[in-house]
Amino acid sequence: MNLIVNELSLNYGNYTALSDVQFEINRPRIYGLLGRNGAGKTSLLSILASFRKATSGSVKINGESPFENADIMQQVAFLYNKDYKDESNNLKSILQDTERYRPNFDMEYANYLVNRFKLDQKKPVKKFSKGMQSALNVIIGLAGRAPITIFDEVYLGMDAPSRDIFYQELLEEQQKHPRIFILSTHLVSEMDYLFDEVIMLDEGKIILHEDYDSLMTKGAKITGNVELVDEFVQTKKQIHVEQLGSTKAVTIYGELTKIDKTTARELGLEIGPITLHELFVHLTKEED
Amino acid sequence: MKKSTIYLKVTGDMFMVQSLWILGFLGVMIVVHIFRIITAMFGDYGVDSYFDSVFIAANIAMFVIGILCIYFLPHFVGNGVTRKDYFRGAMLAAIGLSIALPIITMVVSTLGQFIINQIDQITYNNPDINSAVQEIDTNGNIIGNIISSTVQSIIIPPYVNPTSNWILAIAITSINTFIYYLIGWMISSGFYRLGTIPGLGFIIIGMITLIAKDSLLRITLNLPLAEQLTFLDFLPRSIAASTILLMVIMVIGVIRLLTKQVTVKL
C-alpha cells in the first residue's frame, strides 16, 4: 500500500483546519500522528478514511483517490472514539456485521481479543463502559486487518492494563500481518515505543515527518555552564531553555556531528537524550 | 468481496433491520385491532378491517423509518462502504419494504376477516376514507387551507378498498408508503447535510410534495379532490400519474445530491 497526501487543505468556513499538508507513506509500519488538541489530526484522518472531502489538494492511495472508491474504502479502516449510546446490538452482532463488509476480518482473532479484554458478548454495547467501548473499537481495528488501519485516540477511557493489551496486540499483529497503522495520540510518552515513524501536526501544518530512531538522535539536551552552553548552541536550533543559577540546559533539534560531540566533551558539557514527549511539547508549544 | 455486490449486502441488511421495525409496528396494530374487535363485540358498532386500520398508520411508520434511514450512512461508511452503495442499497430496501408491508397487511387482514366472519355479531365498517377529505372545514382562510390540506394529506392519503381491487389497493399503499419513506429520508438527509435551518426548508418541501402527490393520485384514481384543490381537476389522469413519477424521481435525486459527498459526522 502506498499513501500520498499532496497540498491538502481543509477549511471550515473561515477557519483553516489543515493547510498544505504533504506527506507520503510507503511501508507497512506503525505511524504515530502527534498533535495538540485542535491541531487537525482527526480532520486529516477523516479525509484519509473518506469520511469527508478536503477543500483542496489530493489524497492518493495506491495511485487512486479513495473518496467514494469502493475498492480503496474497503481497505481503509478508521476507528475513533465512537459514541455507542444508541447502539442496541450486542458485541457479537457488531463483529458479525463488520465481518460482512471487511474482506480480511478474522473472527477467531476477534473472539480471542474479546476474551483478552474481558468483554461481555451478550450485553448491549450501549451498556458498555467508555473503556469497554474503546476496547471494542480496538478489536474491530485489529481483527479487521484492513491494509490501512487508523486509530484516532482510540484508547480513550481504557484503563492502563487494557491499553497495555492493546499495545502488545498491536505489535504482534504488525509482525504477523504487516500493514499501515496510523495512531493518533497525545499520550506520547506511553506510546512512543510503538512508533516506527512520527508525523507531527501543529495548527493544521505538518511540522515533522521522521523515522522514530533518527528523530531520537536529532534531539539533545546540552547541560553545563551558562556561557559555555550558550557558545555551543548558538548555531543550533534551540527549542527549549532552562536555567538554574549558573547551570543552563538547552534542548536542541538537529543532528550533532562528531566534531560537535568532541567539542562538547572538551567544554565539559553534558549531552543528554530527549524523549519524544519532550520534543513534542517543545516543538508544538505556543510562542510567548 | 466484489464491489458490485456490496450494495446488495446493504439492501439485505437494511431490509432485515427495517422489516423488523415494520413487523413490530404491524404487531402493535394487531393488538390494537384485536382490542377494537373485542370492544365491538360488546358495543353495537362495526369494526374496520385490519388493512384499513394499518393503511393510514403505515404511512407515518414508513415516514419515521425513512427519517432514520440517514443514520445507517455513518455505519456503512465506517465499514468502508461508499455513499453510492449505501444509497443504492437503501433505495432497494425501501422499495422492498414498501411492497412487503401491504402484502403482509393484506394477508393478515384476510385471515382476520375470515376468523371474524365466524363471529357473526361483528359488522365491518364500509370505509369512507376518501370522502373525509371533503368534509374538512376551511372557512376560506389561506393559512387554514394550508394547514388543513397538510393535515389531511398526512392523515388521509388516497385509498383504494382492497375488497374492490386488491392488487390496486396493494399498489397504491406501496406507492403511498414508499413516497412517505422517501420524504422522511430527504428531510433527515437535509438536516444531516445542511444543518437545522435549511433542514426546516426540507420539511416544507416534503409537505408540499405530499400534498401534490395526494392530489395527483386522487386525480389518477378518479377520487374526489379536497375542496381547495378542485381547480386541479382539469388535469388528465395520464399527466397526473406521470407527474407523480417525476416527483418521485426528483425526490430520489435530491436525496442522492444531499448524500453524494456528505461529511460523515464522528
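Residues numbered from 1 in each chain as written. Chains lettered and ligands numbered in written order. Predicted model: local features only at pLDDT ≥ 70, side-chain atom pairs only at ≥ 80, totals over all residues. Heavy atoms only, no water.

Chemist: So what exactly am I meant to see when it comes to the sheet that holds strand E10 (residues 219-225) of chain A here?
Modeler: Hydrogen bonding along the main chain pairs the strands of a sheet, whether they run parallel or antiparallel. All names here are of chain A. Spatial strand order, E11-E12-E10-E13: 4 strands in an open sheet with antiparallel pairing. Because the sheet does not close on itself, it has two edges, and the strands there are strand E11 (237-244) and strand E13 (270-273). Strand-to-strand twist across the sheet, computed as the mean angle between neighbouring axes with direction ignored, equals 25°. Across 7 bridges, E10 lies against strand E12 (residues 247-253) in antiparallel orientation. Looking at the pairing, Ala220 lines up with Ile252 of E12. (Pairing = 2+ DSSP bridges. Helix = DSSP H or I, 4+ residues; strand = E, 2+ residues; numbered from the N terminus. Axes fitted to C-alpha atoms, helices over the stretch in contact; angles between N-to-C directions.)

Chemist: Can you walk me through the interface of chain A and chain B in this structure?
Modeler: Where interface size is quoted, it is often the accessible area lost as the parts come together. With 20 residues of chain A in contact, the opposing surface of chain B contributes 25 residues. Interface area for chain A against chain B, summed over the two sides, is near 2,100 Å², with a carbon-plus-sulfur share of 52%. On inspection of chain A and its partner chain B, the count reaches 2 salt bridges. We note a salt bridge from A:Arg100 to B:Asp13, for which the minimum N-O separation is 2.8 Å. A per-element tally of the side of chain A that touches chain B places helix H3 (residues 91-101) of chain A first, with 4 residues. Here the side of chain A that touches chain B is built from residues that sort into 8 nonpolar, 5 polar and 7 charged. (Contact = heavy atoms within 4.5 Å. Buried area = accessible area lost by both parts, 1.4 Å probe. Salt bridge = Lys/Arg side-chain N within 4 Å of Asp/Glu carboxyl O. Nonpolar A, V, L, I, M, F, W, Y, C, P; charged D, E, K, R; others polar.)

Chemist: Help me understand the pattern of salt bridges in this model?
Modeler: Between side chains of opposite charge, pairing is possible as soon as their charged atoms come close. Residues and elements named next belong to chain A. For the structure on display, the rule yields 18 salt bridges over all chains. When the shortest N-O distance is used, the salt bridge between Asp86 and Lys85 registers 3.7 Å. Here Asp86 and Lys85 have matching classes, each one exposed. Glu190 is the partner of Arg163 in a salt bridge, and the nearest nitrogen-oxygen pair spans 2.6 Å. Here the residue Arg163 occupies a position in helix H6 (residues 160-176), and Glu190 occupies one in helix H7 (residues 188-191), the gap between them amounting to 27 residues. Linked through salt bridges whose partners overlap, the residues forming this network are Asp106, Arg145, Glu173 and Arg179. (Buried < 20%, exposed > 50% of the residue type's maximum accessible area, 1.4 Å probe, protein only.)

Chemist: Where do I start with the pairing of strand E5 (residues 76-79) of chain A in this structure?
Modeler: Across a regular strand the side chains alternate sides, sitting on one face of the sheet and then on the other. Residue and element names in this part refer to chain A. The side-chain alternation of E5 yields two buried faces, one formed by Val76 and Phe78 and the other by Ala77 and Leu79. Inspection of the sheet shows E5 paired to strand E6 (residues 148-152) by 4 bridges, in the parallel sense. Its bridge partner lying in E6, Ala77 is registered against Thr149.

Chemist: Looking at this structure, how should I read a nonpolar patch on the surface?
Modeler: Residues and elements named next belong to chain B. Together, Met16, Val17, Leu20, Trp21, Leu23, Ile60, Val64, Leu68, Tyr71 and Ile104 make up a nonpolar patch on the protein surface, roughly 890 Å² of accessible area in all. The set of elements that each furnish at least two residues to the nonpolar patch consists of helix H1 (6-42) and helix H2 (50-68). The element best represented in the nonpolar patch is H1, accounting for 5 residues. Mapped onto the elements of the fold, Val64 is located in helix H2. (Patch = residues over 30% accessible without salt bridge, like charges linked within 9 Å, V, L, I, M, F, W, Y side chains within 5 Å. Areas by Shrake-Rupley, 256 points an atom, 1.4 Å probe, with all protein chains shown as cover.)

Chemist: For this particular structure, what's the right way to read the packing of H3(A) against helix H4 (residues 107-116) of chain A?
Modeler: The axes of two packed helices give the description: the angle between them and the distance between them. All names here are of chain A. The contact between H3 and H4 brings their axes to 11 Å, and the two run at 150°. Taken together, H3 and H4 sit at an angle that is classed as roughly antiparallel. Here H3 and H4 pass one another in a crossing that is right-handed. Together, Leu91, Leu95, Gln96 and Glu99 of H3 and Met107, Ala110 and Val114 of H4 make up the contact between the two elements. In terms of residue class, the contact of H3 with H4 is made up of 5 nonpolar, 1 polar and 1 charged. (Parallel < 35°, antiparallel > 145°, perpendicular 65-115°, else oblique. Left-handed = near helix turned anticlockwise from the far one by under 90°.)

Chemist: Before we go on, may I ask you to explain the domain arrangement of chain A in this structure?
Modeler: Residue and element names in this part refer to chain A. Per the domain assignment, the segments making up chain A are domain 1 (3-203) and domain 2 (217-284). Centre-to-centre, using C-alpha coordinates, domain 1 lies 36 Å away from domain 2. Taken together, the contact between domain 1 and domain 2 spans 10 residues of the former and 5 residues of the latter. Roughly 730 Å² of surface becomes buried between domain 1 and domain 2 when both sides are summed, with 79% attributable to carbon and sulfur atoms. Its largest share of buried area at the contact with domain 2, domain 1 owes to Arg36, Val188 and Met200, together 54% of the area lost on that side. Linking domain 1 to domain 2 there are 0 salt bridges. There are 1 residue pair in polar contact (both at pLDDT 80 or more) connecting domain 1 and domain 2. Per element, the largest residue contribution to the side of domain 1 that touches domain 2 is 3 residues, and it comes from strand E8 (residues 197-202). For the side of domain 1 that touches domain 2, a count of residues per class yields 5 nonpolar, 2 polar and 3 charged. (Domains from an automatic or database assignment. Polar contact = N/O pair within 3.5 Å; in protein donor to acceptor, adjacent residues only side chain to side chain.)

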